[in-house]
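Chain by chain, the residues run as shown.
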Amino acid sequence: MYDHTRRIPGMVIALVASAILVACTGGSPLSLPGSPSSLYVPDLLDRPQEFNGKDITVSGAYLNRYGREVLALGVSTLDNGLDAQPLGEPIWLEGFPQEATAELHRPGDAVYGFVRVKGRFETGGPFGAENAYRYRIVVASAEPIERVRRQEYRIDNRPPGEGKVSLFDLVADPARYNGQTVTTQGYYFWNSLIYVLAEGVSTEEDGSSPQPIGKMIWMEGFPPSVSGELNLGPNNSFVWGRVEVTGLFQGGGNFGKDGAYPAQLLLDPNNPGSARPLDPKR
């Protein structure tokens, strides 16, 4: 299991590896910890010299954030699934196959999920980024233990109505609409780091870890009063929903987070009429 609650300084999180991994496989039993066929991360950390230099099979929580790939006891995140952190001492992974990550959790700034790894375990370090890791697994193969299914919600690529401009047209020809007040439709997405109007949103089956998908522009000034009528994450950690918005369009620049967006739409946050929801909450 993952701790998706907001972190509290000094909070102690204890996880029992065997219970976690059985739960993630839908109750299917795995080999007991310490058996030759399947180890858990605590087995390696408790008895590193016993397994040093040996080919092993171990189950644990995979985490890739900022290109750092590790195996840990578990993963802790904020309410919105962001800022994933390994629980306990992580083991550096070298040569982890990316095809094994296709169905893991992808909240937007990391990839994580429970996996089974085969490879050579090594101790003594230093290993990995900044030589910060005492242990390493040189991976021969890996497979996911849990498989996360996602569902997508998208707008159609068609005119939104008289006097309105399609999001697809805004993205395709931003110079044409630069400096104009436009009305358009799309999926609003906010998670404290990203504020966009997107072609769609993808979520896990339970509605967690939403991500914007497809064409998108940066958008600021979305009225807070309208946000409450959309899909909200725990503790308001994210907001998303299909909306119609009116605002000042600007194209031809480097907007938003890291200057990654070629266009933006500026709404009046004090005018609830600048945005309206088009779907009921999911």
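See the structure printed just above.
Rules used throughout
Residues numbered from 1 in each chain as written. Predicted model: local features only at pLDDT ≥ 70, side-chain atom pairs only at ≥ 80, totals over all residues. Heavy atoms only, no water. Phe/Tyr/Trp six-rings, centres within 6.5 Å; stacked < 30°, edge-to-face > 60°. Helix = DSSP H or I, 4+ residues; strand = E, 2+ residues; numbered from the N terminus. Buried < 20%, exposed > 50% of the residue type's maximum accessible area, 1.4 Å probe, protein only. Core = buried A, V, L, I, M, F, W, Y, C linked by side-chain atoms within 4.5 Å. Contact = heavy atoms within 4.5 Å.

## Quick word on the packing of aromatic side chains
Here the structure, examined in full by the defined rule, presents nine aromatic pairs. An angle of 20° between the planes, with centres 4.3 Å apart, marks the rings of Tyr62 and Phe96 as stacked. Of this pair, Tyr62 sits in strand E2 (residues 55-65) while Phe96 sits in the loop between strand E6 (91-94) and strand E7 (111-127), and the two are 34 residues apart along the sequence. For the pair Tyr62 and Phe96, a shared accessibility class is recorded, and that class is buried. Taking 3.9 Å as the distance between ring centres and 10° as the angle between the ring planes, the aromatic pair formed by Tyr188 and Phe222 counts as stacked. Of the two residues, Tyr188 sits in strand E10 (residues 181-190) while Phe222 sits in the loop between strand E12 (211-220) and helix H6 (224-227), which places them 34 residues apart along the sequence. Relative accessible area serves as the criterion here: at 6%, Tyr188 is assigned to the buried category. Among the residues examined, Phe222 registers a relative accessible area of 7% and is labelled buried. Among the aromatic residues, ring-to-ring pairing joins Trp190, Tyr195, Trp218 and Tyr261 into one connected group.

## What about the nonpolar core?
The biggest cluster of nonpolar side chains holds 33 residues, and the ones touching the most others in it are Ile217, Met219, Phe222, Val245, Phe249 and Leu265. Elements represented by at least two residues in this core include exactly helix H4 (167-172), E10, strand E11 (195-204), E12, strand E14 (239-255) and strand E15 (261-266). Broken down by element, this core gets its largest block of residues, six residues, from E14. Contacts of Phe222, omitting those with residues within four sequence positions, involve Tyr188, Ser227, Leu230, Val243, Val245, Leu267 and Ala275. By size, the runner-up hydrophobic cluster in this structure holds 21 residues, among which are Leu93, Ala100, Leu104 and Val117.

None of this, on its own, says anything about what the molecule does.
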